[in-house]
Amino acid sequence: MPANPKDLVDENANQRDNISCRGKMKNYCDFFKAEADKIKNAEDLVRDYDDDTLQKNITDAKTSLDVAQYICESLSDGIKELPTAMTGAITIIRERIKVVPPWVKINEDLNLVRLYKAANVMDDLLAYADEIQKLAKKTADMAKEASLKTDSTGAYFKEAMKELQKTQTEIINKEKKEKEETEAAEKETLSEQAKRDTKAVKKLMDETNSVVNKVKDLVKKAENLAKQSSGQNEDMEPSLKEAQDALEKASASLGDTKKAADETEKSNEKLVQLVKSKATVDAVEKVQEEVRSNMEQAEKHSEETKSHAKISEKSSKKVIDIVEDEKNRDKAWKMAKEAKKVAEHIRKDAETASTAASEAKSLADQITTDTQEATTTEKEIRTLSEDTQKTSEEVIAAADKAEAQSEEIERLKTEGGAPPEEIAKVLTETKDVIKEGKDAAERARTLSAKCKETGAQVKVLIDKQKAVKTSKEYGEEAKTIASEVRKLAVETSDTLAKAHQIAKEERQTKGGSQPGSKAPEGAVDEPGEVIDIDATLKEAEKKNKDAQSLQEQTEKSAEKTQDVVIEIEDRYQSSHGLEDLLKIAEKASKSIEQTRVVSAKAISTTNQVKSEGAKVINFVDDKKTKQRSNTTLLKVRELTQELHKEIENANSISTEADSIVARVKSDMEESDAMTQEVKDAGEKAKSAEEELQKITSNLEEKTSTFETQIAEKSPNEALKETMKELDEGMVEGQKVMEKARSTLKSCQTVTKEKGDRVNLHEKHDVVKTINPVIDDAKRVARESRDFVKEVKQSAKDAQHVADDCGRDTDEARRAIQAVEEAIHDTKKTASEMTRCAESIDRAIDDLTTIIKQERSTADEVTKSEGKLGKCVQNANKATDKAKSCMDRSSKAIEEMTLKNPKTWKSTKHVSQDGEVLSVIRAPDDALEGITITCKENESLAKSVVGEHEELLSNVVSMEPQDVKLKKPALVGIRYTPTIRISGYEVVVKSRDQSGDWKVIPTNSTDRAYDDFRGLNFAEVKVDQFSTYVVVRRVIRDRHSMGKRGGMVTASVDPRISLSYPKDALPMSTDVTLQVIPSDVNHINYRRNKWKSFKYLISTSPMLHFSHARNVKPKKPLTVTLPLITLIQEEEDTKKDHKPSSPSTDALNIPGAGRYGGKTQEPKKKKEIMNTGEVLLMGRDQKGSWRKVASVVDQQKKSGAIEAKVPDGFDRVLAVQMKEGSTVPPSTAAAAVEMNGLVKVANVILHHYIDDRARVIVQVVPSHRCEEAVRELAKKGYEGPPSPSNEIEIREEQEFTVEFKQNIKLMEQEEMYGDHKIIFREAFSNRMELFLEAADPYRNHSSEFDRGSAHFSKKDSEISRVNIDPGLVENDWYHLTDLPVALPKVEREFKQKHTLKEAVDSNAPLSNTYLRDIAKDLGDEFEKLASYLGFKQSQVQRVKCDHPFSTEEQIYDVLISWRNKTKRSLNKVEILAHALERSGRTDLGEKVRDNAKK
C-alpha cells in the first residue's frame, strides 16, 4: 500500500493498480477453490491415480493450502487498513475541490479535473477493498478447512492404497491371462492362414508353369516351320523374334515367381516355428507380413509371366499361318518350277553336247598330219563336231522356250487373280515346250556319244604323236645337260687354279698379320670366320675328281638317250602300235631320268668344288682388304688429330692477336705500327685455320663414310674405291698442314714479342693504384684486432651473467643454453676475425712480392690484388657477424633474465574440494588487468581420450580464453603419475576454439614446485589460456612416405618396421606408427585364467599404422615384427601356482601384497616350441581380428618375422599357437590386445567411523591399494570389510554398486544419487553413499543389519571405441561382492508437524534460517542443488526466475527442496551432508548445531 494517499491522484496509476489488485485477488480465490475441490475429491483420486501420482497431488495440494492460509492470515491486517486509507484519500480530494474559488472554471483547470476523476475512482476502489476483505477471509477459512481435510485423508489413503494394489494385481493377472489366450488364438489363426497361403502359392506356381510350357511347345513348332520356310515374308522373322523374346521374359518372370514362392514357403515355415516356440504376436505378425509381401510378389510375377506368354502365343500362331500360306502357293504353282527344272536339265544336255563338239574340234586341232591315217581321221572328227554343235544350239533354243513359259507362270503368280483358262493354256504350252526340249536333248546326247567314240580313236593317234614328241624333247634335253656339265667343269678348273695361285702368294707372306689376330686400336675388326686354306684346297681337289667321274657318266647317259629317240621315230613311221611306241618312250624317259640324276650330282659336286675355291679366294681378298682398311683408318685418324692441334694453335694465335690489339694503348711507342703488325699476324692465323678446317672436315666426312661401309660389310670393291679417295685426301692434307705450320710459326713469334711489350706497360699502370689498397687493408686488419679484444670482453661478461642465473627450470636452462650458444658464436667470430687479419697480412706480403718480380704480369698483380680484396671483405663480414653475435647475446641475456623463475610470480588454483588443480607462473606484468579463474570441467572428459590414451588429470578450464597475454606464462597442470612403461609418453592436450583437442609442446612433464612437494605437474608455455588435460598415450612415430616407397622403423624398437614397395601409395603422405607392447609377464600370469592363452606359444607387439588424408595403399605392405616366446610351464606345475610380480609390472599379484596369501614360486622350465605356424593377425578400426597371412620369412637369429599386409588392415600382430590348438587364432589375438588394456584393481568399501551408515566406495589399482587404505583411514573411514580380491577392469569402463538383502541406499540417495564411476587409473574413482536398513524390524536378535554390496562393470561410450567388437561388454558384468553390516539404532516415532510449524521462526529449517544459509552460499549452490536432487534444467529455471540475485536463487532452491522432501526423512542431516559434499563443511556443522539447539 502507498504510504501517502496523495500518490493515488495519478489517473493512469490509479486505473492500473485497481485492475491489477482486483485480478490478483480473483485469481487467488479461484486457485483456493480448485485446491479445496481436489481435497474433497480425494476418494476419486485414489481410484484414478497410482501411488506416486496420488501422493504427489495430495502433498502439493496440502502445501498450497497451508501456504494460502498463512498468506491470507498475514495479509488480513493490511486488507482491513485498505478501506480506511481509501476513505481518507477521498476526503482529501473532495475538500480540495470545495475550496476552489467560484470564478475558477473547473473544465479549464487540469489538476482539478484529475482530482475529481481520482475521487470517483476511489469510490470504486473502496467497493473493491470491501470485496477483497471478504474474499480473503473466506479464502483463509477454506484453506484451513482443506488443511484439516488433508490430515484426515492420510489414514484413508494408506488403506485405500493397499486395496488399490491388491485390485491392480488381480486386474493385471486377469489381463495377462486374457492377453495370452488372445495371442494364442491370433497365432493359431495366422498359422492356418499361412498354410492356406502355401497351398495358394503352390497352385499359382503350377498354373504359371503349365502356361509357360504350353507356350514353349508352340514357339518350338513355329521355329521349326520357320526353318522350312523360304523366309520371303517380312513379317515372319519379327513375329518369331517377338515370340522368342516374350518367351524369355515369361521364363525370367517364372523364375522370379518361383523365388517369391520359395520365399513364401520359407516365411510360412518360419511362422509355424514361431507359433510353436511361443513367440510374441508381434513377431508372428511381422513374419505374416513377410508372407503376404512374398505372396503379392509371386502373384505379380505370375501375372507378368502369363502376359508375356500370351504375347508369345499370339506371335507364334502368326508365324505358323505365314508358313502354311507359303506352302499353298507353292502347290498351286508347282508347274512353273517343273518347267524351269526341265529347262535346266536340257540346257545341261546342250552344254554337254557343246562340250563334246568342242572337245572333238580340239582333238582335230591336236592331230599332226604327218601320215595318211592322221589326215583322214582329222576330216572325220571335224564333220562330227559341226553336227553336234548345231544340235546343241537347237537344245538351247528349246531350253529358252521352257524358261520363258516358267517366267510367264511366275508373272501370273506375282500379279495374282489370273483366270483358270489362262493358267490352263499356259500349262499346255509349257508341256509342249518341255516335250520338244526333251527330244532335242535326246539327239544331242546321241551325237555326243558318237563324238566320244570317235574322240577315243583320235586320242590314240595323238598319244602316239605325243610319245614321239616327248622322246625328241628328251634327246634335246640330254644334249643340253651334257653341254652345261662340260661348261661348269671348265669354270671350276679355272677357279681352282686361281685359288692355288692365291694360296701360294699367301704362304709367301705368312710372316704378316695372321687371320684372327687382334687389330690395332681404332682399327676395323677382322672377318669373323677363319679357314684353313690348304685343307680347303685339298678337299676341293678331292671333290673335283669325283665331279669329273660324274661328268663322264653324264655324257654316256646323254648318248644313250639320243639312241632311243632315233629308234622311236623309226617305229612311228612304220605305223607300229601305241603300246610298242609307249614302251620305247618309257625307255627314253628312264634314260633321261638317269641323265638328270647323274648330271645333278655332277653339277652339285662341281659347284661345291667351285664354292670351296671361291671361298679361299674371297677369304684372302677380304683379309687383305680389312688390313688395308685398318691401316688407312689409323693414318687418317693420326692426320686428323694433327690437323685439329694445328687448328687449335691457329685459333689460339688469332685470339691472342685480337687480345693484344685490344690491349694496345695510345700512349705506347709505335702503337699504330704494332697494332697493324699484330692484326696481320692474326689474319694470317685465321686464314690458315680456315684451310685446315676445310681439309679436316673433308677427311672426317670420307672417314665416316668408310667406317659406315665397313660396319655395313660393303663389297670389297666399294671399300677399295673409298680407300683410294682417303689416300688422296691424306696427301693433300699433309701438304696443307706443312704450309700452315710455317705460317703459324711466324705469326706466333710476332704475337709473343708484341704481347710482352703490352704486358709490361699494363703492369706499370696497375702498380700505380696498389698502394691505397694496401694502406686500406692494413687499417682493416688493425681495426679487426682492436674489435676482437672488445668481443672477447663482451663474451666474458655474458658468461658471468649466465653463471649467475638459476638453472632450476627447463625454460631457464634453455635460456642459459641460448646465451652460451651466443657466447660460443661470439668467440668463434672473434677467432675468425683474427684469422682474417692474419690472412690480410699474408695477402699484402704476396702482393708486394709479385710486384717486385720482373717477369710478373699485370694479370698476376690484379689477381693478387683481388685476393687481398677478398681478405678485406671477409674481415668486414667477420666484424659484422661479431656485432650480430654480440647483439644476439644481449637479447639472449634479456630473455634469460625474463625467463628466470626466481623473478616470476606464482599463483595456485584449487578445486571445490581444496585440491590443487594448476599453478601459473608468469612475469609481473604478463597477467596485469586479468582475473583468472580455474575450474574442473568433467563434461569434456568424454571428448578428450583418443585411441591408446589414458587420462592422468582433471579437465581444467581457465578463463578468460579470449584474451591474449602480454607475455607468455607457464601453466602447470597437476596430474597423478602412473607406472612408467616403455613405449608410452605423457603429453598435454589443449582445446581450441572449434572444440578439437590438440597436443601442445610441454616444458616438462615432471615439474615439481617447492611449495607443493609430493605433487606432479605437467608444465606448458601459453600466450592465451584454454582448457587443458594431461594424458598418457602410446608414442607416435610420424614419417613421410612418397611414391618411390621405402621403409619406416619404430623408434621404440628398431626391429619393428613397415616397408612400402614402389608406387604402393598414390601420393606422398605421412605415415604414423604406434607400437603397443605385449606384456608377456601379464600373459604368463593370466595363462590359467584366460583360456585364450592356453595354447599360445609366442606373440609380438601390436603395430598400429595410419596414413594422413585417408590414403589407402594400392599394393600390399611388408611388416617386420619381433616374436616373443612365452613361458611354457610343465603340466605338474601348471595348477595352483601363480608367478610373482616382475619388477617391471608393479602389479599387486596375490602373494606379493597385503591382502593375498603366501605362495611359493614354482620352478619354471622354458620350452622351445618350434611347432605350429606363425600367423599374422590384423583388423581395422571397427572390425574383429582375422588372419592376414602366414609368415613369409622368419629370421631365427633376430627372432623377427616378416609378412605381407594387404589393404583393409590398420593394426597387426603375430601369434603362434600349439599344433592341434582348439582356440582360434583370432580369439588369441583379441586376448593379446585386451591383455594390454586390462587393469588389475581392488574394490574398497569402508564406513565412516562416526556414522557407519556413511560409506565410501573406491576402485583403486592393486599396486596403490595399501596407500588408498591409509588415506581413507586419515579421513575417518575404516573396514571391515577388507578390500576385495583382484578384479580386471579397463580404462573408461563404468563401475556401479547395488546393495542387496537387508541393506539399501537411503531414499534420498536412491532418488537423486548417481551411483556410477568411470574408472580411470590415475583418478581416485570413489563415491560416498548413505545406507540404511531395508527392514529395520528384521532379525531383532542381531545387533547389525546385514547385507552385501554387488559390484558390476560394463563398457562406456568411450571404452567401447576402437576395440574388437567381440570384446565389448554391453551388459553389466558382475565383478565381486563385499559384505555390509550396519549397527541397529533405536527408532522413535515422531509426531507429524504441519507446514506452519515448519516455517515457524523457531523451527530448525525455518524460512529465516534458510535465508541466512542462502546469504552464506555462493557459486557452489549449483553443486549443492545437484546433491539435493535438482536437475540442471530445474536449476536453470530458478536462475531465469531470479536473474539478478544469486541469494534469491539459492533461497528458492532451499525452500523448494524443504517443501518437497518427505517429513519422515531427516532433512537436517540430508542438508548438512549435501553442504559438506559441496565443499561447505562449515555450513553443514552449523546446520547440525542449530538443529540440536
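Conventions adopted
- Residues numbered from 1 in each chain as written.
- Predicted model: local features only at pLDDT ≥ 70, side-chain atom pairs only at ≥ 80, totals over all residues.
- Heavy atoms only, no water.
- Helix = DSSP H or I, 4+ residues; strand = E, 2+ residues; numbered from the N terminus.
- Buried < 20%, exposed > 50% of the residue type's maximum accessible area, 1.4 Å probe, protein only.
- Contact = heavy atoms within 4.5 Å.
- Areas by Shrake-Rupley, 256 points an atom, 1.4 Å probe, with all protein chains shown as cover.
- Core = buried A, V, L, I, M, F, W, Y, C linked by side-chain atoms within 4.5 Å.
- Pairing = 2+ DSSP bridges.
- Patch = residues over 30% accessible without salt bridge, like charges linked within 9 Å, V, L, I, M, F, W, Y side chains within 5 Å.
- Salt bridge = Lys/Arg side-chain N within 4 Å of Asp/Glu carboxyl O.
- Lys, Arg positive; Asp, Glu negative; His and termini not counted.
- Charge placed at Lys NZ, Arg CZ, Asp CG, Glu CD.
- Disulfide = S-S within 2.5 Å.
- Axes fitted to C-alpha atoms, helices over the stretch in contact; angles between N-to-C directions.
- Parallel < 35°, antiparallel > 145°, perpendicular 65-115°, else oblique.
- Left-handed = near helix turned anticlockwise from the far one by under 90°.
- Nonpolar A, V, L, I, M, F, W, Y, C, P; charged D, E, K, R; others polar.
- Phe/Tyr/Trp six-rings, centres within 6.5 Å; stacked < 30°, edge-to-face > 60°.
- Lys NZ or Arg CZ within 6 Å of the ring centre and 35° of its normal.
- pLDDT = per-residue confidence, 0-100.

Engineer: Would you explain the overall build of the protein in this entry?
Structural biologist: Scanning the protein from N- to C-terminus turns up 28 helices and 34 strands. For the protein, the proportion of its 1493 residues judged to be buried stands at 42%. Long-range pairs, those at least 24 residues apart, make up 78% of the contacts in the protein with a sequence separation of at least 6. Accessible area for the protein stands at about 85,000 Å²; split by element, carbon and sulfur atoms hold 48% of it.

Engineer: Which parts of the structure should I look at to understand the nonpolar core?
Structural biologist: In globular proteins that are soluble, nonpolar side chains generally tend to be buried together. In terms of nonpolar packing, the biggest core is built from 36 residues, with Ile-920, Leu-951, Met-958, Val-971 and Phe-1025 touching the most fellow members. If one sorts the elements of this core by residue count, strand β6 (residues 964-975) sits on top with five residues. Core analysis: the next-biggest nonpolar cluster, separate from the first, contains 28 residues, Leu-1073, Leu-1103, Leu-1123 and Ala-1203 among them.

Engineer: Honestly, the pairing of strand β20 (residues 1174-1179) in this entry has me stumped. Any pointers?
Structural biologist: Within a regular beta strand, the side chains point alternately toward one face of the sheet and then the other, so they alternate between its two faces. Most of β20 sits inside the fold, with six of its six residues counted as buried. Burial along β20 is two-sided: Val-1174, Leu-1176 and Gly-1178 and Leu-1175, Met-1177 and Arg-1179, pointing in opposite directions, are all buried. Where β20 and strand β24 (residues 1211-1217) come together, six bridges link them in antiparallel fashion. Paired with Leu-1175 across the bridge in β24 is Val-1215.

Engineer: Teacher, can you tell me more about a negative patch on the surface here?
Structural biologist: Judged by side-chain charge, Glu-186, Asp-282, Glu-285, Glu-289, Glu-296, Glu-299 and Glu-303 come together as a negatively charged surface patch. A total of six residues in the negative patch trace back to one element, the largest contributor, which is helix α6 (residues 281-332). For Glu-186, the location among the structural elements is in helix α4 (residues 110-228).

Engineer: Hey, could you run me through the state of the cysteines in this one?
Structural biologist: Simply put, disulfide is the name for a covalent bond between the sulfur atoms of two cysteines. Going through the model one piece at a time under the given rule, you end up with zero disulfides. Left unpaired, Cys-871 is separated from the closest cysteine sulfur, that of Cys-836, by 7.7 Å. The exposure class assigned to Cys-871 is buried, which follows from its relative accessible area of 15%.

Engineer: Mind showing me how you'd approach helix α27 (residues 1467-1477) here?
Structural biologist: Counting buried positions along α27 yields nine of 11 residues, so the element is predominantly enclosed. By the burial criterion, the buried members of α27 are Lys-1467, Val-1468, Ile-1470, Leu-1471, Ala-1472, His-1473, Ala-1474, Leu-1475 and Glu-1476.

Engineer: What is the right way to read the packing of helix α14 (residues 770-804) against helix α16 (residues 858-898) from this model?
Structural biologist: Put simply, α14 and α16 touch, their axes get as near as 10 Å, and they point 20 degrees apart. With respect to α16, the element α14 is oriented roughly parallel. The way α14 lies across α16 gives a crossing that is left-handed. Taken together, the residues that form the contact of α14 with α16 break down as 18 nonpolar, five polar and three charged.

Engineer: Looking at this model, I keep getting lost on the pattern of salt bridges. Mind explaining?
Structural biologist: Any two side chains of opposite charge can pair if their charged atoms end up close together. This model, assessed by the stated rule, comprises 43 salt bridges. Salt-bridge contacts for Lys-1384 lead to Asp-1345; the nearest nitrogen and oxygen are separated by 3.8 Å. Of the two residues, Lys-1384 is situated in the loop between β34 (1373-1383) and α22 (1395-1398) and Asp-1345 in strand β33 (residues 1344-1354); the sequence distance between them amounts to 39 residues. What makes Asp-1345 buried here is its relative accessible area of 2%. The structure contains a network of salt bridges with shared partners spanning Arg-1254, Glu-1328, Glu-1469, Glu-1476, Glu-1485 and Arg-1488.

Engineer: How do you make sense of the environment of Leu-550 when you look at a structure like this?
Structural biologist: Following the sequence through the fold, Leu-550 ends up in helix α10 (residues 533-573). Note on Leu-550: relative accessible area 15%, which makes it buried. Put simply, Leu-550 and Ala-602 are 52 residues apart on the chain and 4.9 Å apart in space, counted from C-alpha to C-alpha. In contact with Leu-550, not counting residues within four places along its chain, are Val-598, Lys-601, Ala-602 and Thr-605.

Engineer: How do you make sense of the packing of aromatic side chains when you look at a structure like this?
Structural biologist: Here a ring pair, both rings aromatic, is described through the centre-centre distance and the interplanar angle of the planes. A full pass over the atoms with the stated rule returns six aromatic pairs. Seen in terms of ring centroids, Tyr-1248 and Tyr-1277 are 5.2 Å apart; in terms of plane orientation they differ by 50 degrees. Their pairing is tilted. On the criterion of sequence distance, the pair formed by Tyr-1248 in strand β25 (residues 1238-1248) and Tyr-1277 in strand β27 (residues 1277-1278) is long-range, its members being 29 residues apart. Pair check on accessibility: Tyr-1248 and Tyr-1277 agree, each one buried. Residue placement shows Arg-1320 over the ring face of Phe-1323; its charged tip is 5.4 Å from the ring centre.

Engineer: Sorry if this is basic, but what is going on with the environment of Thr-625 here?
Structural biologist: You can see Thr-625 is positioned in helix α11 (residues 578-663). Not counting the four nearest positions on each side in its chain, Thr-625 is found in contact with Asn-716, Leu-719, Lys-720 and Met-723.

Engineer: Looking at this structure, how should I read the sheet that holds strand β2 (residues 916-922)?
Structural biologist: Strand pairing in a sheet takes place through backbone hydrogen bonds and is either antiparallel or parallel in direction. The strand order β1-β2-β6-β10-β9 describes an open sheet built from five strands, whose pairing is antiparallel. Edge strands, defined here as strands with exactly one partner in the open sheet, are β1 (905-910) and β9 (1002-1007). Neighbour to neighbour, the strand axes of the sheet diverge by 25 degrees on average, direction disregarded. With six bridges joining them, β1 and β2 adopt antiparallel strand pairing.

Engineer: Mind showing me how you'd approach a positive patch on the surface here?
Structural biologist: Residues Lys-1043, Arg-1044, Lys-1062, Lys-1114 and Lys-1115 make up a contiguous surface patch of positive charge. Structurally, Lys-1062 can be placed in the loop between β14 (1057-1060) and β15 (1069-1076).

Engineer: Please explain the packing of helix α26 (residues 1446-1460) against α27 as it appears in this structure.
Structural biologist: Each pair of packed helices gets described by two things: the angle between the helix axes and the distance between those axes. Closest axis-to-axis distance for the α26/α27 pair is 11 Å, and the angle between their directions is 140 degrees. Here α26 and α27 pass one another in a crossing that is right-handed. In this structure, α26 uses Leu-1454, Trp-1457 and Arg-1458 to contact α27, whose residues at the interface are Lys-1467, Ile-1470 and Leu-1471. Partitioning the contact of α26 with α27 into residue classes produces four nonpolar, no polar and two charged.

Engineer: I tried to follow the sheet that holds strand β29 (residues 1294-1301) on my own but got confused; where do I start?
Structural biologist: Strand order in the open sheet made by the four strands is β31-β29-β33-β34, with antiparallel pairing throughout. Looking at which strands have only one partner, the edges of the open sheet turn out to be β31 (1316-1318) and β34. For this sheet, the mean angle separating the axes of adjacent strands, direction not counted, is 25 degrees. As judged from the 10 bridges shared by β33 and β34, these two strands associate in the antiparallel manner. Paired with Ser-1352 across the bridge in β34 is His-1374.

Engineer: Where do I start with unusual backbone geometry in this structure?
Structural biologist: Glycine aside, residues mostly have negative phi angles, and peptide bonds mostly take the trans form. With omega at 5 degrees, the peptide bond leading from Gly-1279 into Pro-1280 counts as cis. Among the structural elements, Pro-1280 can be located in the loop between β27 and β28 (1287-1290). The linkage connecting Pro-1280 with the following residue, Pro-1281, adopts the cis geometry, with an omega of 10 degrees. Residue placement: Pro-1281 occurs in the loop between β27 and β28.

Engineer: In this structure, what is going on with the confidence of the model for the protein? I would like to understand it.
Structural biologist: Should pLDDT be low for a region, the predicted coordinates there are not to be read in detail. For the protein, per-residue confidence averages 76 on the pLDDT scale, and residues scoring 70 or more make up 77% of the total. The model gives residues 1387-1401 a pLDDT under 50, and that stretch makes 24 contacts with residues more than four places away or in other chains.

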